[in-house]
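# Chains, contacts and geometry: an overview
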Amino acid sequence: MKKRFLYIILLIALILVCGSCVSEKQYSDTPEGNFEQLWKIMDQKYCFFDYKKIDWDSVHNVYSKYITSDMDDNALFEVLGNMLGTLKDGHVNLYSTGNTARYWSWYENYPENFDENIKDRYLGTDYHMAGGIKYKILSDNIGYIYYGDFSESVSNGIINDMLSYLAICNGIIIDVRNNGGGLMTNSSTLASHFTDKKVLTSYVRHKTGTGHNDFSKPYAIYLDPSDGIRWQKKVIVLTNRHCFSATNDFVNNMHCLPSVTILGDKTGGGGGMPFTSELPNGWAVRYSASPYYDKDMNQIEFGIDPDIYVSLSTEDVSQGKDTLIETARNLLNK
Amino acid sequence: MNYDTFRTLILCIELLLPTVLSAQKLDSLRTNQLTVRCVQYGIGHSNILDTYLSTQEYKGIDFRTSRETMRMTNIGKGNVSVQNFLQADFSFGKNRVDNNNTLAGMVNWNYGLHYQFKLSDNFKLLAGGLGDTNLGFIYNLRNSNNPASLRAYINLDASAMAIWHFHIKKKAFVLRYQLNTPILGVMFSPEMGESYYEIFSLGHYSGTIKLTSLHNQPSLRQFLSLDIPIGQQQIRLTYLGDLQQSHVNNIKTHYYSNVFMVGFVKRLYKLSNKELQKLPTSIQAY
């Protein structure tokens, strides 16, 4: 008996000897340490290196030359922000207590195709408002819905009430211009009211390892029809370059539905699910962790083309009209 | 109250033995009816890493409570004891520059058997196995789509214990050291870049349940406790080193806690119905 017990003790001791600490290298809180940590986080976890043809090792060589041990936080932030800028990704940010490094060229370099004041004139003052959605029936019996932020939640109950109210309309316009994203659950909840059957809308993969091409297999994503009201008449979704992230996902969902037309400008993109990590100095970094694709496995990181390109004309603006809304009304009334 | 329920009434041996069993010899006690129970509360230090949430370690305070019972069984000619250990803890940690926090909580239940090797009247070694169930979370207050990590895993642990009864100035003390380490188990873990939205909203569960063993979950729990008699009571002081680690799906985690705990030890004797019927109803609470 004592011998058996001795064997057990030896086994446990062996386990303790063999068992190693599970830990992550803790870089020093120095300019060099923070630079190396940021580069490593992106190297192991960012998901678009190959798609964007970015040589991240080369980026390290370029930007490490700007790192010195005596640089202050502002200078370090600028170098790290510039390094992240090479990724050309609106989901990549560096957050310090005093600044946010960002890449916003996906909409800053393009016409806005949206005027908040003109949009408000269409809504007037007697519009309905629930859960971040504003809506009203326009004079030609077209329903107009404006949803400017997918961070503001929308429930099936809200959508059912809205579609009941708009039931008499010939068609509806869903305006998601300048909607920079939010929760994908809101995107799919709203889209689910515009299909009466299960529809393949997209695929997703995620990183499974630290290599740039370590991805899972593509998983299909389906849009299930809502249990509530399902709109069967025509729908036009208005888009501009400021439609990003969850809004990009909403446009992708609606693009798969036969009664829906996308009108306006290309969306801004943002096809990667962003995750957060941090540096030794406490700065947070956000990065795209898993790529989403359309139903044909095309990347949507750089945006989705509309079915009909329409720009906001200066002539219409001068008359207080929105070219995209007017075009959509004409199409829905045909 | 029905007959079976009534049989399970547990009465404190410290109260009843003098009146009921004082005339009996010690060896007439059914040792499998004698349970040692201790409820403890503790505070300590925690060190939390979960690379799904952050590359940085979070260090802070750990609050913990535990409930442990041990008794002999009839198994192995009465040489096998059963241990039931339940603990819950809550940690609050901060990163090294103290500009972000992590909350963590775990519930852990161990239940298993030890064979007791009685090397002398006062000293014994125990070896056995435990079922080790864990459920908890780590929540990073700043993250966006990866704000929290669900910790859920079940293990079969190897367990060893040494118990030494000794006296100082005729007072009985008990020193105990126990070490548990998981040998085989299963663990829930998202894949490295997989969001919980993808798992729970889209239903992509593939690859989230992984087999674990020494190579990817080198963990251990160790207890060093001293039972000290104070008057009619017995106080237990415990150092608990709870070192949980995993490296699953390319996600590294560790949750180290070093906690000092204190509680009262109770010895409970479960009476059979026959013995209960010998008790005058006038002295029974119910």
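Before reading on, note that the structure itself is shown above.
Figured I'd write up the structure that's included with this text. In this text the structure is predicted, and so the values were computed from the model without any measurement. (Residues numbered from 1 in each chain as written. Chains lettered and ligands numbered in written order. Predicted model: local features only at pLDDT ≥ 70, side-chain atom pairs only at ≥ 80, totals over all residues. Heavy atoms only, no water.)

A word on the nonpolar core. Residue and element names in this part refer to chain A. Ranked by size, the top nonpolar core spans 87 residues in total, and within it M42, I174, F194, V237 and M254 carry the most contacts. At six residues, helix α4 (residues 73-85) tops the list of elements feeding residues into this core. L123, Y146, V310 and L312 belong to the second largest nonpolar core, which has 18 residues in total. (Core = buried A, V, L, I, M, F, W, Y, C linked by side-chain atoms within 4.5 Å. Buried < 20%, exposed > 50% of the residue type's maximum accessible area, 1.4 Å probe, protein only. Helix = DSSP H or I, 4+ residues; strand = E, 2+ residues; numbered from the N terminus.)

With that out of the way, let us pick up a nonpolar patch on the surface. Residues and elements named next belong to chain B. Taken together, the side chains of I43, I61, F63, F90, F92, F137, Y139 and L141 make up a nonpolar region of the molecular surface, amounting to roughly 680 Å² of accessible area. Going through the elements one at a time, β3 (58-72), β4 (80-94) and β6 (123-140) are the ones with two or more residues in the nonpolar patch. Relative to the assigned elements, L141 resides in the loop between β6 and β7 (148-168). (Patch = residues over 30% accessible without salt bridge, like charges linked within 9 Å, V, L, I, M, F, W, Y side chains within 5 Å. Areas by Shrake-Rupley, 256 points an atom, 1.4 Å probe, with all protein chains shown as cover. Salt bridge = Lys/Arg side-chain N within 4 Å of Asp/Glu carboxyl O.)

Position of P258(A) among the secondary structure elements: in the loop between α9 (246-255) and β10 (260-264). Owing to a relative accessible area of 81%, P258(A) belongs among the exposed residues under this scheme.

Of the residues lining the interface, 53 residues belong to chain B; the matching set on chain A comes to 50 residues. Regarding the contact of chain B and chain A, the summed buried area is about 4,100 Å², with carbon and sulfur atoms giving 61% of it. Per-residue buried area on chain B facing chain A is highest for T55(B), M192(B) and Y197(B); these three make up 15% of the total on that side. Here chain B is connected to chain A by two salt bridges. For E278(A), the salt bridge identified is with R142(B), shortest N-O distance 2.9 Å. Viewed at the interface, chain A and chain B are joined by 25 residue pairs in polar contact (both at pLDDT 80 or more). Elements that contribute at least two residues to the side of chain B that touches chain A include exactly β5 (101-118), β6, β7, β8 (171-188), α3 (196-201), β11 (233-248) and β12 (251-270) of chain B. Classifying every residue of the side of chain B that touches chain A by side-chain character gives 22 nonpolar, 24 polar and seven charged. (Contact = heavy atoms within 4.5 Å. Buried area = accessible area lost by both parts, 1.4 Å probe. Polar contact = N/O pair within 3.5 Å; in protein donor to acceptor, adjacent residues only side chain to side chain. Nonpolar A, V, L, I, M, F, W, Y, C, P; charged D, E, K, R; others polar.)

Turning our attention to the side chain of T102(B). All names here are of chain B. By secondary structure assignment, the location of T102 is in strand β5. Look at T102 and you get buried, because its relative accessible area is 3%. Dropping the residues within four chain positions of it, T102 is found in contact with I48, Y58, S91, F92, G93, I138, Y139 and N140.

What the rule picks out here adds up to 24 salt bridges over all chains. Of the charged contacts in the structure, one is a salt bridge between R177(A) and D322(A), with a shortest N-O distance of 2.7 Å. On the criterion of sequence distance, the pair formed by R177(A) in the loop between β6 (171-175) and α8 (184-191) and D322(A) in the loop between α10 (314-318) and α11 (323-333) is long-range, its members being 145 residues apart. For the pair R177(A) and D322(A), a shared accessibility class is recorded, and that class is buried. Across the pair D227(B) and R236(B) runs a salt bridge whose closest N-O atoms are separated by 2.7 Å. A single burial state applies to D227(B) and to R236(B), both of which are buried. Overlapping salt bridges, with partners in common, bring together D62(B), R64(B), D89(B), D132(B), R221(B) and D242(B) in one network.

Let's shift gears to α8(A). Taking burial as the measure, the eight residues of α8(A) include six buried ones, the bulk of the element. Here α8(A) has its buried residues at M184(A), N186(A), S187(A), T189(A), L190(A) and A191(A).

This paragraph deals with the pairing of strand β4 (residues 133-137) of chain A. All names here are of chain A. Pairing analysis gives three bridges linking strand β3 (residues 128-130) to β4, with the strands arranged antiparallel. Considered in β4, the bridge of M129 is made with K134. Hairpin connection of β3 to β4: two residues between the antiparallel strands, including G131 at a positive phi of 55°. Bridge analysis of β4 against strand β5 (residues 142-147) gives five bridges, and the strand direction is antiparallel. Residue I133 lies in a different strand from β5, and its bridge partner there is Y147. Linking β4 to β5, which pair antiparallel, is a turn of four residues; within it N141 sits at a positive phi near 65°. (Pairing = 2+ DSSP bridges.)

Where two aromatic rings form a pair, the distance of their centres and the angle of their planes describe that pair. Across all of its chains, the model carries 28 aromatic pairs over all chains by this definition. For the pair F188(B) and Y196(B), a centre-to-centre distance of 6.2 Å together with 55° between the ring planes defines the contact as tilted. Of the two residues, F188(B) and Y196(B), both sit in the buried class. Among the aromatic residues, those joined into a cluster by ring pairs are W39(A), Y46(A), F48(A), F49(A), Y51(A), W56(A) and F302(A). Positioned above the aromatic ring of Y222(A), the side-chain terminus of K198(A) is 4.8 Å from the ring centre. (Phe/Tyr/Trp six-rings, centres within 6.5 Å; stacked < 30°, edge-to-face > 60°. Lys NZ or Arg CZ within 6 Å of the ring centre and 35° of its normal.)

Turning next to the packing of helix α2 (residues 31-45) of chain A against helix α3 (residues 56-64) of chain A. Residue and element names in this part refer to chain A. Remark: α2 packs on α3, axes separated minimally by 11 Å, with the N-to-C direction vectors making an angle of 165°. In terms of axis orientation, α2 runs roughly antiparallel to α3. Considering only the axes of α2 and α3, their crossing is right-handed. Across the interface between the two elements, F35, E36, W39, M42 and D43 from α2 touch W56, D57, H60, Y63 and S64 from α3. A per-class count over the contact of α2 with α3 returns five nonpolar, two polar and three charged. (Axes fitted to C-alpha atoms, helices over the stretch in contact; angles between N-to-C directions. Parallel < 35°, antiparallel > 145°, perpendicular 65-115°, else oblique. Left-handed = near helix turned anticlockwise from the far one by under 90°.)

Bringing the sheet that holds β10(A) into the picture now. Residue and element names in this part refer to chain A. One open sheet holds the seven strands; their spatial order is β3-β4-β5-β6-β9-β10-β13, and the pairing between them is mixed. The strands lining the two open edges of the sheet, one partner per strand, are β3 and β13 (308-309). Bridging between β5 and β6 involves five bridges; their strand directions are parallel. Across the sheet, the residue bridging to Y146 is D175, located in β6. Each of β5, β6, β9 (234-239), β10 and β13 is contacted by α11, which is oriented at about 165° to β9, the strand it contacts most.

Attention now moves to the packing of α2(A) against α4(A). All names here are of chain A. The interhelical angle for the contact between α2 and α4, taken along N-to-C directions, is 15°, at an axis separation of 11 Å. It follows that α2 is roughly parallel to α4 by the angle criterion. As α2 runs across α4, the sense of the crossing is right-handed. Here α2 contributes P31, N34, F35, L38, W39 and M42 to the contact with α4, which in turn contributes L76, L80, M83 and L84. Looking at side-chain class alone, the contact of α2 with α4 contains nine nonpolar, one polar and no charged residues.

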